[in-house]
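Descriptive structure summary
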Amino acid sequence: MGAEAVTHHPAVLLVPFPAQGHVTPMLQLARALAAHGAAPTVAVPDFIHRRISGAGCCAGGVALASIPSGIPEDAANAGSGSGSDATPGFAAIEHAMEHHMPAHLERLLTSSSRRGGPVVACVVVDVLASWAVPVAARCGVPVAGFWPAMLASYRVVAAIPELIERGLVSESGTPISSSDSSSDSDQTIRSLKILPAQVELRAGELPWLVGDPATQRSRFAFWLQTLRRARAFRWVLVNSFPGEASAAAADDVLRLARHGPQVLPVGPALLPGGAAAAERKQQPPPPGGNNDDKQQNHPPSMWRADSTCIGWLDLQRAGSVVYVSFGSWVGSIGPDKVRELALGLEATGRPFLWALKRDPSWRAGLPEGFASRVAASGRGKVVEWAPQEDVLRHAAVGCYLTHCGWNSTVEAIRHGVRLLCYPVSGDQFINCAYITGPWGIGLRLPAGMRRDDVRAGVGRVMGDAGDGEGRRLREKVRALRERVVAAEARRAAERNVAAFVDEVRREQYPALMQIYSVL
């Protein structure tokens, strides 16, 4: 009986928000749960299931389920971008999550037990997919939250009620200043101690301030509903590492746990390999990457990568290439900035690899003939989508000009690449504040981003000035890399994953676990 309690594999259903930056870490979390004795199934909308179901995502004991979204296939390919690599827009996804997918998820939760299969012991819900929380409640299944970004951004979102109560943001989420200058509200936000004092976050950079005023109001209403539903979480698994900024961050976790769900940082456990692999990685990856990493089953991409860029990188000098990517989810930075960025990259005199969607809204502003001109000279390569892990691990890459998405940030840290930051929306401003503040692993471009800014920023990060700034950034990122991927960090994260699985098992089989504890 005791052995049965220990070896039972609790069924866990995971529900990600349907975007690449959310699906990828959720699949990684599912593999980590499977490694600790759970039986995970990741439930994704049908338009994502069609893309990734045959891409090896079910390796490592992970199953994949499709939830009808009600979004026609042609509409699923028309929301953003072009061709089969497009996805629905946020409004279409939100409507599907709130009005079409809940009934199908409820059937998925109840049908297994009716067929004599395992009863779902826990539903792990991406915080942005909070639509699944009331479904799990109706089915009587415990719910855990999954925050696919760093703990700091979770703390900022969780502080929304306090920000409203203190009159720092309005009921629609816009910052309120008691003076004509925004510096007053900025200072007040810092005084709440939501983030460490050395993290500079302006009031206008709060995560829900996306788009025009109407969009901002809609997004803030989305967050308020999410927070109401999040009260049901018993645990929140966070895709970050213990002590993000300092040892004081550990106290933040305990403080959050006393006022709500138990918060468990699990980020290092989601990286390819395990603690043993981390112990073998005492040096930066060799040219072309680390073979151990390449042999890992990485979660599939929803986007078709252009692998020819790896061959192009092989022809470049070590540490000479500037890699540029603004991710797969945020909108275009605008034609004026695209033009300035292109001309700035050209002005650096350095080779560059730019992942830029082949879509009119993303490539508007690109100088005529730019891609073919830089390709002909051998100085640059523009692709629609790059295999980012392979690019960042490549020895030729010396700098990453990034939007500071969390997955991109962690990948850069993991491969020891210095950052040049241009955050666009959401939690990217918080990530950037850590990158340029406590961590000291990158620099930020001005919001206006003129070509001279790009040229000067790349030069500073790469160390062209000879003042040691580039070297200091490199040393900082290598030191942070050791904190994130070192065996000690992974073991701590693995313990959190194991503790979560044990608690889920104990919730489902309390009598068996009690007998085992006596034995």
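Sequence positions are assigned chain by chain, starting from 1 and proceeding in written order. With pLDDT at 70 or above as the cut-off, local features in this predicted model cover only qualifying residues; side-chain atom pairs require 80 or more to be listed or tallied, and sums for whole chains, interfaces and linings still use all residues. Hydrogens and water are ignored here; the side-chain numbers use all heavy atoms of the structure.

The condition is simple: UniProt positions are given in the numbering used here, feature names are shortened, and annotations may be inferred rather than shown by experiment.
The name an unreviewed UniProt entry gives the protein chain is Glycosyltransferase, with Urochloa decumbens as the organism. Under the heading Sequence similarities (unreviewed entry), UniProt records this for the protein chain: "Belongs to the UDP-glycosyltransferase family."

Considering the overall build of the protein chain
As a reminder of what qualifies: Here a helix means four or more residues in a row that DSSP labels H or I, a strand means two or more in a row labelled E, and each is numbered from the N terminus. Think of it in three bands: with a 1.4 Å probe and only protein chains considered, a residue is buried below 20% of the maximum accessible area for its type, exposed above 50%, and partly exposed in between. Contacts are residue-level and defined by heavy atoms, with any inter-residue pair within 4.5 Å sufficient. Only the protein chains shown count as covering a residue, and every accessible area follows the Shrake-Rupley method with a 1.4 Å probe.
Each helix and strand counted, the protein chain has 25 helices and 13 strands in total. Counting only residues that meet the buried cut, the protein chain has 55% of its 519 residues in that class. Partitioning the contacts of the protein chain with sequence separation of at least 6, the portion at a separation of at least 24 is 74%. Accessible surface, the protein chain as shown: approximately 21,200 Å² in total, 51% of it carbon and sulfur.

Considerations on the pattern of salt bridges
Selection rule: What counts as a salt bridge is simple: a side-chain nitrogen of Lys or Arg found within 4 Å of a carboxyl oxygen of Asp or Glu.
Counted by the stated rule, this structure contains 15 salt bridges. Across the salt bridge formed by Arg-202 and Glu-205, the nearest N and O atoms sit 2.7 Å from each other. We classify Arg-202 as partly exposed; its relative accessible area is 44%. Here Arg-373 and Glu-346 are joined by a salt bridge, their closest N and O atoms 2.9 Å apart. In this pair, Arg-373 sits in helix α18 (residues 370-377) while Glu-346 sits in helix α16 (residues 335-347), placing the two residues 27 residues apart along the sequence. When its relative accessible area of 37% is taken as the criterion, Arg-373 is described as partly exposed. A network of salt bridges, in which partner residues are shared, links Arg-202, Glu-205 and Arg-444.

Quick word on the packing of helix α20 (residues 406-414) against helix α23 (residues 469-485)
The test is simple: Axes here mean lines fitted to C-alpha atoms, for a helix over just the part in contact, with angles spanning 0 to 180 degrees between N-to-C directions. Roughly parallel refers to an angle under 35 degrees, roughly antiparallel to one over 145, roughly perpendicular to one between 65 and 115, and oblique to any angle outside these ranges. Amino acids are sorted into nonpolar (Ala, Val, Leu, Ile, Met, Phe, Trp, Tyr, Cys and Pro), charged (Asp, Glu, Lys and Arg) and polar (every other residue, Gly among them).
Two numbers describe how α20 lies on α23: the axes approach to 8 Å, and their chain directions differ by 105 degrees. By the angle between their directions, the pair α20 and α23 is classed as roughly perpendicular. Contact with α20, carried on its side by Ala-412, Ile-413 and Arg-414, involves Val-477, Leu-480, Arg-481, Val-484 and Val-485 of α23 and no other residues of that element. Taken together, the residues of the contact of α20 with α23 sort by class into six nonpolar, no polar and two charged.

A closer look at the sheet that holds strand β5 (residues 143-147)
Using the following cut-off: Two strands pair if DSSP finds at least two bridges between them.
Pairing within the open sheet is parallel, and its seven strands lie in the order β3-β2-β1-β4-β5-β6-β7. Each end of this open sheet is capped by a strand with a single partner; those strands are β3 (63-67) and β7 (262-265). For this sheet, the mean inter-axis angle between neighbouring strands, taken without regard to orientation, is 25 degrees. Direction of pairing for strand β2 (residues 39-45) relative to β3: parallel, over a ladder of five bridges. For Thr-41, the partnering residue across the bridge sits in β3 and is Ala-63. Taken strand by strand, helix α2 (residues 20-35) contacts β1 (11-15), β2, β3, β4 (120-126), β5 and β6 (235-238), and its axis lies near 170 degrees from that of β1.

What to know about α16
Let me state the cut-off plainly: One fewer than the residue count of a helix, multiplied by 1.5 Å, yields its expected span.
In this model α16 runs 18 Å from its N-terminal to its C-terminal C-alpha over 13 residues, within 8% of the 18 Å that 1.5 Å per residue would give. Along α16, the residues classified as buried are Val-338, Glu-340, Leu-341, Ala-342, Leu-343, Gly-344 and Leu-345. Taken together, the buried residues of α16 touch β8 (321-325), β9 (352-355), α17 (360-363), α18, β11 (397-402) and α22 (451-462). Gly-349, located one to two residues past α16, shows a positive phi value of around 75 degrees.

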